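In case you want the letters, here they are:
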Amino acid sequence: MAEKLGIGIIGSGAIASGAHLPGYKAVSDRCRVLAVADVDADRAVKFAKDNNIPKAFSDYRQLLDLDEIDAVSVCTPPAVHAPATIDALNAGKHVMCEKPMAMNAAEAAAMVEAARENGKVLAIDFQTRFGREPQLLKQIVDDGELGEIYFARTVYNRRRGIPSWGVFHIREHSGGGALMDLGVHMLDLTLWLMGRPKPVSVLGATYTGFGKRDDVFNPWGKWKTDEFDVEDFALATVNLEGGATLVLETSWALNVEKSQQVVQLCGDRGGADLFPLRVYKDTGTALMDWTPNALTEGQPEHVESMGDFVGAILEDRSPLITGDHGLMVARIVDALYESAESGELVRLD
C-alpha cells in the first residue's frame, strides 16, 4: 500500500462536498482524494475541478478499476449503497458508506459478507457517535456510573424540516422517509451507548401527515407532493435482549413546540440526557445532577469519522462503526416498517 491512501468518492452531491471530502482533507497527511464518479458527468467534472481532484468518471466502475484507489466513500442515494459498496469491496477497496447503510437488512447483510470475504474495512458514517458529548457519555456508561440501563428514549423530531431537494421523499430511491434519514442515526447512537444489546422485537408505526399536502409551511421550501410516498413520522418500541426497552420517535414534520434531538438513558444507578449532556444520580441521601463545565474541542463529527476510517485501514484495526453495526440498525428498521404495515409486533431471529 502507498504511503498515503488513495481515495475515490462515488457520488458528488452535498454529502460528498460538505462532509466526506472535508474529512479526507483534514487527514491529508494520510490520504489523498484521486478520483470522483457521478452518473451526472458534468457534475463529476465540476466537482473534480473545484476540488483539485485528478480524475472524474460517469461510471463508478471506472473509478474502481484504478490501482491507485485503496478506499472509497459511497455518497450516492441509498438505492445505490449496496451495489456500489459490494462492487468496491469485490474490487479490493475499503469502503466508507454513507447512512442509511442500505435499503433493507438483506442488502446490508450482503455488504457485510462482501467485506468479510474480501478482508476489507467496511465503515458506516453514523458520525454522531464522534461528538464530544456522546463520547463522554459513552465513557460514563462504560465506567458503570449508570449501572444497568433498562430504558432508553431516543428522539429526533423536526417541527418542520422536510427535505425539498434530492430523492429523500421517494421510497424507490431512499427506502423510506424520516426513519431512514434521521431515525437510523438515533438508533445507532443509542444502541452503542447501551452496549449494543441485541434487538428481540419491534412494535412500530409510521405516518404521513404532511408530505402529500400543499398547504404546509416548510422553511426548506416546497417539495414534489405528488412524488412523496414515504413517512414523515415514525415511532417504535424496541425490546432488547436482557429485558431493556428502547423507544424511538423521529419526524420531518410534527406539530410540536419545537424541534428536538435527545437521548435519554435510565439505569439502576443513574440516568443521563444527551444534547445537552446531563447525568442524574442518587447518593442515597440526595439527588445529584452532573453537567460538564467544559469539553475539549474536537474536529467536526464527519472529520472524525473519515479520520477513523483512514486510521482503521492504515493501522489494521476495526473502525468505530462497522458494517455489523449498520446491519443491526437495518434489521430494526425492516421490523419497524413491517410492524407499521401489519399493526403487530415483529419478532427478530
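In what follows, the accompanying structure is described. (Residues numbered from 1 in each chain as written. Predicted model: local features only at pLDDT ≥ 70, side-chain atom pairs only at ≥ 80, totals over all residues. Heavy atoms only, no water.)

**Some remarks on the overall build of the protein**
Put simply, the test is: Secondary structure counts use DSSP, requiring at least four H or I residues in a row for a helix and at least two E residues in a row for a strand, with both numbered from the N terminus. Within these notes, the globule rule equals 2.2 Å times the number of residues to the 0.38 power, and the radius of gyration is based on C-alpha atoms. Here's how the labels work: a residue is buried when its accessible area is under 20% of the maximum for its type, exposed when over 50%, partly exposed in between, all with a 1.4 Å probe on protein chains only. Should any heavy atoms of two residues lie within 4.5 Å, those residues are counted as being in contact.
Looking only at helices and strands, the protein features ten helices and 15 strands. Scaling as 2.2 N^0.38, a compact globule of 349 residues should have a C-alpha radius of gyration of about 20 Å, and the protein matches this with 20 Å. Each principal axis of the C-alpha atoms in the protein carries an extent, and together these give about 65 × 50 × 40 Å. Looking at the protein residue by residue over its 349 residues, the buried ones come to 52%. For the protein, contacts bridging at least 24 residues in sequence account for 74% of all contacts bridging at least 6.

**A look at helix H8 (residues 178-193)**
Condition: To estimate how far a helix should reach, multiply one less than its number of residues by 1.5 Å. Throughout, the bend at a residue refers to the angle made by two axes, fitted to the seven residues ending there and to the seven starting there.
The end-to-end C-alpha separation of H8 is 22 Å, in line with the 22 Å expected for 16 residues at 1.5 Å each. Most pronounced at Val184, the bend in H8 amounts to some 35°. Burial within H8 is extensive, with 16 of its 16 residues counted as buried.

**As for the pairing of strand E5 (residues 94-97)**
Consecutive side chains along a regular strand alternate between the two faces of the sheet. Applicable threshold: Here, any two strands with at least 2 DSSP bridges between them count as paired. Crossovers are described as right-handed under a simple rule: with the strands pointing away from the observer, the path leading from the first strand over the helix to the second runs clockwise.
Of the two faces of E5, the one carrying His94 and Met96 and the one carrying Val95 and Cys97 are both buried. Pairing between strand E4 (residues 71-74) and E5: four bridges, direction parallel. Within the sheet, the bridge partner assigned to Ser73 lies in E5 and is Met96. Handedness of the E4-helix H4 (residues 81-90)-E5 crossover: right-handed. Where E5 lies against strand E6 (residues 122-124), three bridges are found, and the strand directions are parallel. Across the sheet, Met96 pairs through a bridge with Ala123, a residue of E6.

**Some points on the packing of aromatic side chains**
As a reminder of what qualifies: For this analysis, a ring pair means two rings from Phe, Tyr or Trp (six-membered ring only for Trp) whose centres lie within 6.5 Å, classed as stacked if their planes differ by under 30 degrees, edge-to-face if by over 60, and tilted for the remaining angles. Geometrically, a charge over a ring is one whose NZ (Lys) or CZ (Arg) sits within 6 Å of the ring centre while staying within 35 degrees of the ring normal.
Taken as a whole, this structure holds five aromatic pairs when the rule is applied. Here the aromatic residues Trp165, Phe168 and Trp220 are joined through ring pairs into a cluster of three or more. The side chain of Arg61 reaches across the aromatic face of Tyr60, ending 4.7 Å from its centre. Here the guanidinium or amino end of Arg171 rests over the ring plane of Tyr337, the centre of that ring lying 5.5 Å away.

**What to know about the sheet that holds E6**
Defined as follows: Angular values range over 0 to 180 degrees, each being the angle between N-to-C directions of two axes fitted as lines to C-alpha atoms, with helices fitted over their stretch in contact.
Taken together, six strands build an open sheet; the order of strands is E3-E2-E1-E4-E5-E6 and the sheet is parallel. Taken across any chain shown, the strands that pair with only one partner, and hence form the sheet edges, are strand E3 (55-57) and E6. Each neighbouring strand pair of the sheet contributes to a mean axis angle of 25°, computed without reference to strand direction. Where strand E1 (residues 5-10) meets strand E2 (residues 31-37), six bridges bridge the pair, whose relative direction is parallel. Considered in E2, the bridge of Gly8 is made with Ala35. Most of the contacts of helix H2 (residues 41-50) go to E3, to which it runs at about 165°, and overall it touches E1, E2 and E3.

**Concerning the pairing of E4**
Covered by surrounding structure in E4 are Ala71 and Ser73 together with Val72 and Val74, the residues of both alternating faces. Two strands pair when backbone bridges link them, and E1 and E4 are joined in this way by four bridges, in the parallel orientation. Across the sheet, the residue bridging to Gly8 is Val72, located in E4.

**Points about helix H9 (residues 301-314)**
In an α-helix, one full turn covers 3.6 residues, which means residues spaced three or four apart are oriented alike. Over its 14 residues, H9 extends 20 Å from the first C-alpha to the last, a length consistent with the 20 Å expected when each residue adds 1.5 Å. When you tally the buried positions in H9, you get ten out of 14 residues, the bulk of the element. If you check which residues of H9 are buried, you get His302, Val303, Ser305, Met306, Asp308, Phe309, Val310, Gly311, Ala312 and Ile313. Along its buried surface, H9 packs onto E1, helix H1 (14-26), E2, E4, E5 and E6. Count one or two residues on from H9 and you reach Asp316, which has phi positive near 55°.

**Some thoughts on the packing of helix H6 (residues 132-142) against H8**
Threshold: Working definition: roughly parallel below 35 degrees, roughly antiparallel above 145 degrees, roughly perpendicular at 65 to 115 degrees, and oblique for all remaining angles. Note on residue categories: nonpolar means Ala, Val, Leu, Ile, Met, Phe, Trp, Tyr, Cys or Pro, charged means Asp, Glu, Lys or Arg, and polar means any other residue, Gly included.
The interhelical angle for the contact between H6 and H8, taken along N-to-C directions, is 30°, at an axis separation of 9 Å. When the interaxial angle is binned, H6 and H8 end up roughly parallel. For the pair H6 and H8, contact is made by Pro134, Gln135, Leu137, Lys138 and Val141 and by Leu189, Trp192 and Leu193, respectively. Tallied by class, the residues present in the contact of H6 with H8 amount to six nonpolar, one polar and one charged.

**Overview of the sheet that holds strand E8 (residues 199-207)**
One open sheet accounts for nine strands, arranged E14-E13-E12-E11-E7-E10-E9-E8-E15; its pairing is mixed. Two strands lie at the open edges of the sheet, namely strand E14 (287-290) and strand E15 (346-347), each paired on one side alone. Relative to strand E11 (residues 260-267), strand E7 (residues 149-157) is paired through eight bridges, and the arrangement is antiparallel. From the neighbouring strand, Ala152 faces E11, where its bridge partner is Leu265.

Shape descriptors only; they carry no functional weight alone.
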